[in-house]
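Observations on the model geometry
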Amino acid sequence: ADGMRARAEDWWRVRSVGDGVTHIDEPHIRDFYRCNVWHVRGRDTDMLVDSGMGVVSLRDRVPLVTERPLQAVASHTHFDHIGLHHEFPCRLCHAAEAHLLRAPTRENTFADKYVTEGIFTTLPPEPFACDTYAVKAAPAQRILWDGDVIDLGDRQFQVIHTPGHSPGGIALWEAAMDILFSGDIVYDGELIEGTSDLEQGQYITSMERLLRLPVRVVHGGHFPSYSGERHRELITDWLKAKGR
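In this text, all values refer to a predicted model and were calculated from it rather than measured experimentally.

**Describing the overall build of the protein**
Each helix and strand in the protein was counted, giving six helices and 13 strands. The C-alpha radius of gyration computed for the protein amounts to 17 Å, which stays within 12% of the reference 18 Å derived for 244 residues, consistent with globular compactness. In terms of overall dimensions, the protein has a C-alpha envelope of 50 × 40 × 30 Å along the principal axes. Evaluated residue by residue, the protein yields a buried proportion of 52% over its 244 residues. Here the contacts in the protein between residues at least 6 apart in sequence split such that 63% fall between residues at least 24 apart. Carbon and sulfur atoms form 51% of the exposed surface of the protein, whose accessible area is close to 10500 Å². Of the charged side chains in the protein, 26 are positive and 36 negative, and the gap between their average positions amounts to 2 Å.

**Brief notes about unusual backbone geometry**
The linkage connecting Glu-126 with the following residue, Pro-127, adopts the cis geometry, with an omega of 5°. When you line up the elements, Pro-127 lands in the loop between α4 (111-114) and β7 (142-144). In the Ramachandran plot, Asp-50 falls in the positive-phi region, its phi being about 70° despite a non-glycine side chain. Following the sequence through the fold, Asp-50 ends up in the loop between β4 (46-49) and α1 (58-61). A positive phi angle is found at Phe-223, which is not glycine, with a value near 65°. Take Phe-223: it is sitting in the loop between β12 (217-220) and β13 (226-227). Overall, Phe-223 belongs to the partly exposed group, its relative accessible area being 21%.

**Focus on the sheet that holds strand β2 (residues 21-25)**
Overall, mixed pairing links the seven strands, which are arranged β1-β2-β3-β4-β5-β6-β7 in an open sheet. Bordering the open sheet on either side are β1 (13-18) and β7, each of which pairs with just one other strand. Neighbour to neighbour, the strand axes of the sheet diverge by 25° on average, direction disregarded.

**A closer look at the environment of Leu-234**
For Leu-234, the location among the structural elements is in helix α6 (residues 228-241). In the structure, Leu-234 is positioned 45 residues away from Gly-189 in sequence and 9.5 Å away in space, judged by C-alpha atoms.

**Overview of the sheet that holds β12**
Strand order in the open sheet formed by six strands is β8-β9-β10-β11-β12-β13, and the pairing between neighbours is mixed. Among the strands making up the open sheet, the edge pair consists of β8 (149-151) and β13. Across three bridges, β8 lies against strand β9 (residues 156-161) in antiparallel orientation. Bridge pairing in β9 places Ile-150 opposite Phe-157. Across the sheet, helix α5 (residues 197-211) lies against β9, β10 (170-174) and β11 (179-183), angled at about 150° from β9, the strand it touches most.

**Notes on the nonpolar core**
Grouped together as the largest cluster of nonpolar side chains are 35 residues, with contacts concentrated most on Trp-12, Met-53, Leu-58, Phe-120 and Tyr-133. Of all the elements in the fold, those that place two or more residues in this core are β5 (70-73) and α2 (79-82). Among the nonpolar cores identified, the runner-up in size contains 20 residues, and Ala-171, Tyr-226, Leu-234 and Ile-235 belong to it.

Definitions and limits used
Residues numbered from 1 in each chain as written. Predicted model: local features only at pLDDT ≥ 70, side-chain atom pairs only at ≥ 80, totals over all residues. Heavy atoms only, no water. Helix = DSSP H or I, 4+ residues; strand = E, 2+ residues; numbered from the N terminus. Rg over C-alpha atoms; globule rule 2.2 N^0.38 Å. Buried < 20%, exposed > 50% of the residue type's maximum accessible area, 1.4 Å probe, protein only. Contact = heavy atoms within 4.5 Å. Areas by Shrake-Rupley, 256 points an atom, 1.4 Å probe, with all protein chains shown as cover. Lys, Arg positive; Asp, Glu negative; His and termini not counted. Charge placed at Lys NZ, Arg CZ, Asp CG, Glu CD. Pairing = 2+ DSSP bridges. Axes fitted to C-alpha atoms, helices over the stretch in contact; angles between N-to-C directions. Core = buried A, V, L, I, M, F, W, Y, C linked by side-chain atoms within 4.5 Å.

Below, the structure written as structure tokens:
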């Protein structure tokens, strides 16, 4: 990043992708590190899947997120996905990572490892500094388990526990619309796999589960959304490379 700083009003980018889904992201973060924030419009409540890095307020800068009661879901608790969960009182997280949302540190959210000036194309506004950046505590109001349903009134999303990238990683499946929010377990880019034998085994199981879903469109944690056909191709190729 050069010495210039972005303006707070330019930090967020918002665009509709259809199906009542809006894509929100932080264009001044490089592709590989840039998290997709998904806003889903529901009849009784809206849903936010992840909340970005949190260096500029979502509530102040993106009016969409304040229009309705909102359920803020964490696909997992890495720093780039939960930076603004503290701005929303109704927070949902898988049981395996609830302790991290409740008491995040630079270490347990991986901020200490990844937050450098190099992840930005333009630095966030003052007073942001890489070495003091930290996610704020945002205890979950609802603990999620595999098979739970997040209900927006007219839309229901089933929680699929997808460990392998992180212990409490989840995907959200809307069977009525064949839409999958996949988090960081699968997207159309370089995947980050856990390194232990346990995590490798979990990753394979998670991918096999997601392959069986008749998805029409996938909205992942990073990189652009893609079709069901691409979904099956990505996972099939990944499994093949693992000898499955």
